[in-house]
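# Residue-level structural notes
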Amino acid sequence: MRLSHCHNFHDFRKLAKKRLPAPIFNYIDGAADDEITYHQNTASFERCDLVPNVLRGVKDIDMSVTVMGQKLAMPVYCSPTALQRLFHHQGENAVAAAAHKFGTMFGVSSLGTVSLEDIRKKYNNPQAYQFYFHKDRALNKAMMERAKLAGINVMMLTVDSITGGNRERDLRTGFSIPFKLTLGGMLQFAIKPMWGIHYITHERFKLPQLDEHVDMSGGALSIGRYFTEMLDPSMTWDDVAEMVQFWNGQFCLKGIISVEDAKRAADIGCTGIILSNHGGRQLDGSRTPFDQLSEIVDTVGNKIDVIMDSGIQRGTHVLKALSIGAKAVGLGRYYLYPLAAAGQNGVERALHIMKTEIERDMRLMGASCVDDLTRANVRFR
Ligand SMILES: Cc1cc2nc3c(=O)[nH]c(=O)nc-3n(C[C@H](O)[C@H](O)[C@H](O)COP(=O)(O)O)c2cc1C
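Residues numbered from 1 in each chain as written. Predicted model: local features only at pLDDT ≥ 70, side-chain atom pairs only at ≥ 80, totals over all residues.

Moving on, we get to the overall build of the chain. Along its length, the chain carries 17 helices and 12 strands. Taken against the 2.2 N^0.38 rule, which gives 21 Å for 381 residues, the C-alpha radius of gyration of the chain at 20 Å falls within 12% of a compact globule. Counting only C-alpha atoms, the chain reaches 60 × 50 × 40 Å along its principal axes. Within the chain, the proportion of its 381 residues that are buried is 49%. (Helix = DSSP H or I, 4+ residues; strand = E, 2+ residues; numbered from the N terminus. Rg over C-alpha atoms; globule rule 2.2 N^0.38 Å. Buried ≥ 20, exposed ≤ 12 C-beta atoms within 10 Å, placed from the backbone.)

So, in structure tokens, the structure goes:
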């Protein structure tokens, strides 16, 4: 199977599985507990039907949106994800370059493997910084100042990871940073030598968003210990309100599900919220963002930009979310499998396919711009 044979999410997933050592593939592909939420995220779109309009003059299609002050040429963006250079040696550079080519936003994770400054210098498309809240308040401020100085457009505080999710596939393979592979896990690396060759011959693995502030080098602190020792489980709305004021710019919370939390986010001055369950990787059994979307849009949609991620695999999924009132939609595994399969070429192909699907589907829906998509265009079964 080759990149040119990939026409949808499932094809990219298959190719990524072929190319990656199994522990890494399972880190991307896996989710929490019984992975029920992971599967529901996409299934929830299937419970909703599109109701198209015809004869609306759809020769020209404008799929651009403005979200949290950022103009995006397409209504999807690449959500921040950790450890991208483990998936392909081009890592975040590939994702940023592809997002730039398609005029959209990408997020750099706190656990990113390329520095936010390096990427900012290369690409001028909207860049979000995904942030975790540390016990050390001075460290939080130093990291935010660093992001401001780098020219980050959107601060994205992840709030659904107050502790790590139970990813049982990783327990079985021994996936962790630094690696503590089981024998079976090691064998899986041995049978995918190309991955190892790339890993050794390219830039040394590092976590530059953290290295400057926390000693993650040489395995001094594992990611697991970073979460339990450095992040603050006692964080409250007051702490976040202070951060929002300190940042004094576009600030969103990633991982909101309840209506009450959405209201509080608006009250403390956030400019956006991302309905997300982290792609099912945190609380299994959590309601899906798509199922929650209408209630949240109805409550805070006139005060704050409502965005969603988790489970998006198709242009029609994006259209359903936009019809209900999402301002934009985040992609996770949708671009990670292509990254793992073929680096920048893979991510570009995936975004191209997504763009083509959205354009075709908008025409078929009788919508020439995103504002033409409304609740009248969807019905739940
Ligand atoms: C391998 C992987 C790593 C991720 N790393 C992060 C991260 O570092 N920070 C974060 O806020 N979200 C992270 N996420 C969650 C994504 O940003 C996004 O919310 C999720 O992938 C959306 O679900 P989807 O994969 O079904 O599209 C990660 C997701 C995956 C699959």
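Position of Tyr123 among the secondary structure elements: in the loop between α6 (116-122) and β6 (127-131). Once you skip the residues sitting within four places of it in the chain, Tyr123 turns out to touch Ala96, Ala97 and His100. (Contact = placed C-beta atoms within 7 Å.)

With that settled, consider the pairing of strand β9 (residues 272-275). A two-sided burial pattern is seen for β9, the buried positions comprising Gly272 and Ile274 on one face and Ile273 and Leu275 on the other. Where strand β8 (residues 250-256) and β9 come together, 4 bridges link them in parallel fashion. Bridge pairing links Cys252 to Gly272 in β9. Read from β8 through helix α14 (residues 259-267) to β9, the crossover connection turns out right-handed. (Pairing = 2+ DSSP bridges. Right-handed = clockwise from strand over helix to strand, strands pointing away.)

Two elements in contact, helix α16 (residues 315-324) and helix α17 (residues 333-365), have axes separated by 8 Å at closest approach and are oriented at 55 degrees. Between α16 and α17, the interaxial angle falls into the category oblique. α17 is crossed by α16, and the crossing has right-handed handedness. Contacts between α16 and α17 pair Gly315, Thr316, Val318 and Leu319 from the former with Met354, Glu357, Ile358, Asp361, Met362 and Met365 from the latter. Partitioned by chemical class, the residues of the contact of α16 with α17 number 6 nonpolar, 2 polar and 2 charged. (Axes fitted to C-alpha atoms, helices over the stretch in contact; angles between N-to-C directions. Parallel < 35°, antiparallel > 145°, perpendicular 65-115°, else oblique. Left-handed = near helix turned anticlockwise from the far one by under 90°. Nonpolar A, V, L, I, M, F, W, Y, C, P; charged D, E, K, R; others polar.)

Moving on, we come to the environment of Thr173. Turning to its location among the elements, Thr173 is positioned in helix α8 (residues 168-173). Not counting residues within four places of it along the chain, the set of residues in contact with Thr173 comprises Ala22, Pro23, Asn26, Leu181, Thr182, Gly184 and Gly185.

Moving on, we get to the nonpolar core. Val95, Met155, Ile273 and Ala326 are the most contacted members of the largest nonpolar core, which totals 104 residues. Here the element with the most residues in this core is α17; it accounts for 16 residues. (Core = buried A, V, L, I, M, F, W, Y, C linked by C-beta atoms within 7 Å.)

Our focus in this paragraph is the pairing of strand β10 (residues 305-309). Across the 5 residues of β10, 5 count as buried, placing the element largely inside the fold. Residues Asp305, Ile307 and Asp309 point to one face of β10 and Val306 and Met308 to the other, with burial holding for every one of them. Inspection of the sheet shows β9 paired to β10 by 4 bridges, in the parallel sense. Bridge assignment links Ile274 to a residue of β10, and that residue is Ile307. Regarding topology, helix α15 (residues 289-300) serves as the crossover connection from β9 to the parallel β10, and that connection is right-handed. Note that β10 and strand β11 (residues 328-331) share 3 bridges and pair parallel. Residue pairing across strands places Met308 opposite Val329, the latter belonging to β11. In this region the chain leaves β10, passes through α16 and returns to the parallel neighbour β11; the handedness of that crossover is right-handed.

Further remarks concern the site of the ligand. Taken together, 26 residues are adjacent to the ligand, and Ser79, Ala82, Ser109, Gly279 and Gly332 come closest. Counting only elements with at least two residues in the shell around the ligand, the list comes to α2 (22-29), β11 and α17. With 3 residues, α17 is the largest single contributor of residues to the shell around the ligand. Class assignment for the residues of the shell around the ligand results in 9 nonpolar, 13 polar and 4 charged. (Near = placed C-beta within 6 Å.)

On their own, these measurements won't tell you what the molecule is for.
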